[in-house]
Each structure stands twice: as C-alpha cells, then as structure tokens.
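Listed here are the chains, written in short residue letters.
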Amino acid sequence: MSRGRPGRDDSPDRLYTLTGGRSRAGSDAFDLVTLVVSESDPVAGMQSEHAAILRMCRFPTAVVEVAAGLGLPVSITRILLTDLHDTGRISARHPRASYRLPDHDILEQVLVGLRNL
C-alpha cells in the first residue's frame, strides 16, 4: 500500500472542501511564475489556507512557491489565489524581464560601423 508524503493530506475530500467543489480557477491570471503580493492582513474567520497565503505573500512570491509553502497542488493553489484576488486581498503581476532591448537607431549605427571595418 502506497502512503503519501508525511504531513500532507491530499485526499480528494480535503481538496474538494478547500475549493468549495471547484476544480478550476475562474481565470488564467495565475501561471507558475506570477508574483503574488498581499494587499491586506488575515482576518478572523478566514479560511486557514487563505490566511497562510496572505502571511506568505507579504513580499512578492511566485505561485509555485506559494503552492510549495502550502503543500498543495498548484491547481488548488490557483483556485485559492483567485478567491483572494477577486476580493482584492492580493495583487498579481507577471515578472518583467529586467533588461531592455537597445534602441533601433543605435543598432543601425553599430551595424553601419561594423560594415565600415
């Protein structure tokens, strides 16, 4: 008989309860590298996973890191994140490349210079 990993309860009943029976997030706003940031603190009576996400995302955190921190599948985490995003408790953004392509005119000048060599 195969056992799950220690400390994890991935039974379908638990996952069904966490998501309110949903099997997909309402939108495709969250991919694995989308950065999530808390916009509020947890409040009393909030689902424990939602509260954990808000605490975990005080600084920008990738969706895959949130899933790992919760010990849940990414698909379930995306549903939970969508709930928080829809209520304005988190914001999400896709990471931008930290580089910029050079201006087209500069590239033309370099090309002319290379041809003149």
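Before reading on, note that the structure itself is shown above.
Residues numbered from 1 in each chain as written. Predicted model: local features only at pLDDT ≥ 70, side-chain atom pairs only at ≥ 80, totals over all residues. Heavy atoms only, no water.

**Some details on the overall build of the chain**
1) Next: Scanning the chain from terminus to terminus reveals five helices and three strands.
2) Next: Starting at the N terminus, the α and β elements of the chain follow one another as α-β-α-β-α-α-β-α.
3) Next: For the chain, the proportion of its 117 residues judged to be buried stands at 29%.
4) Next: Considering only contacts in the chain between residues 6 or more positions apart, those separated by 24 or more positions represent 67%. (Helix = DSSP H or I, 4+ residues; strand = E, 2+ residues; numbered from the N terminus. Buried < 20%, exposed > 50% of the residue type's maximum accessible area, 1.4 Å probe, protein only. Contact = heavy atoms within 4.5 Å.)

**A look at a nonpolar patch on the surface**
1) Next: Residues Ile106, Val110, Leu114 and Leu117 make up a contiguous nonpolar surface patch of about 450 Å² in total accessible area.
2) Next: For Ile106, the location among the structural elements is in helix H5 (residues 104-115). (Patch = residues over 30% accessible without salt bridge, like charges linked within 9 Å, V, L, I, M, F, W, Y side chains within 5 Å. Areas by Shrake-Rupley, 256 points an atom, 1.4 Å probe, with all protein chains shown as cover. Salt bridge = Lys/Arg side-chain N within 4 Å of Asp/Glu carboxyl O.)

**What about the pairing of strand S1 (residues 35-38)?**
1) Next: Because side chains alternate across S1, one face comprises the buried residues Leu35 and Val37, and the other comprises Val36 and Ser38, equally buried.
2) Next: Bridge analysis of S1 against strand S2 (residues 61-62) gives two bridges, and the strand direction is antiparallel. Bridge pairing in S2 places Val36 opposite Thr61.
3) Next: The sheet contact formed by S1 and strand S3 (residues 90-93) spans four bridges and is antiparallel. Paired with Val37 across the bridge in S3 is Ser91. (Pairing = 2+ DSSP bridges.)

**Digging into the packing of helix H3 (residues 63-70) against helix H4 (residues 74-86)**
1) Next: H4 packs onto H3 with a crossing angle of 105 degrees between their chain directions and a minimal axis gap of 9 Å. Taken together, the axes of H3 and H4 are roughly perpendicular relative to one another. Of the residues in H4, those touching H3 at Val63, Val66, Ala67 and Leu70 are Val74, Thr77, Arg78, Leu80 and Leu81.
2) Next: Classifying every residue of the contact of H3 with H4 by side-chain character gives seven nonpolar, one polar and one charged. (Axes fitted to C-alpha atoms, helices over the stretch in contact; angles between N-to-C directions. Parallel < 35°, antiparallel > 145°, perpendicular 65-115°, else oblique. Nonpolar A, V, L, I, M, F, W, Y, C, P; charged D, E, K, R; others polar.)

**Brief notes about the sheet that holds S1**
1) Next: Strand order in the open sheet formed by three strands is S2-S1-S3, with antiparallel pairing between adjacent strands. Each end of this open sheet is capped by a strand with a single partner; those strands are S2 and S3.

**Quick look at the nonpolar core**
What tends to happen in soluble globular proteins is that the nonpolar side chains get buried as a cluster.
1) Next: Counting residues in hydrophobic clusters, the biggest one holds 17 residues, and the most contacted among them are Phe30, Val36, Ile53, Leu70, Leu80, Leu81 and Ile90.
2) Next: Broken down by secondary-structure element, the contributors of at least two residues to this core are helix H2 (48-56), H3 and H4. (Core = buried A, V, L, I, M, F, W, Y, C linked by side-chain atoms within 4.5 Å.)

**Looking at the packing of H2 against H3**
1) Next: Where H2 contacts H3, the axes come no closer than 11 Å and their chain directions differ by 125 degrees. Considered as vectors, H2 and H3 are oriented oblique to each other. As for how H2 packs across H3, the hand of that crossing is right-handed. Of H3, the residues touching H2 (which contributes Glu49, Ala52, Ile53 and Met56) are Glu65, Val66, Gly69 and Leu70. (Left-handed = near helix turned anticlockwise from the far one by under 90°.)

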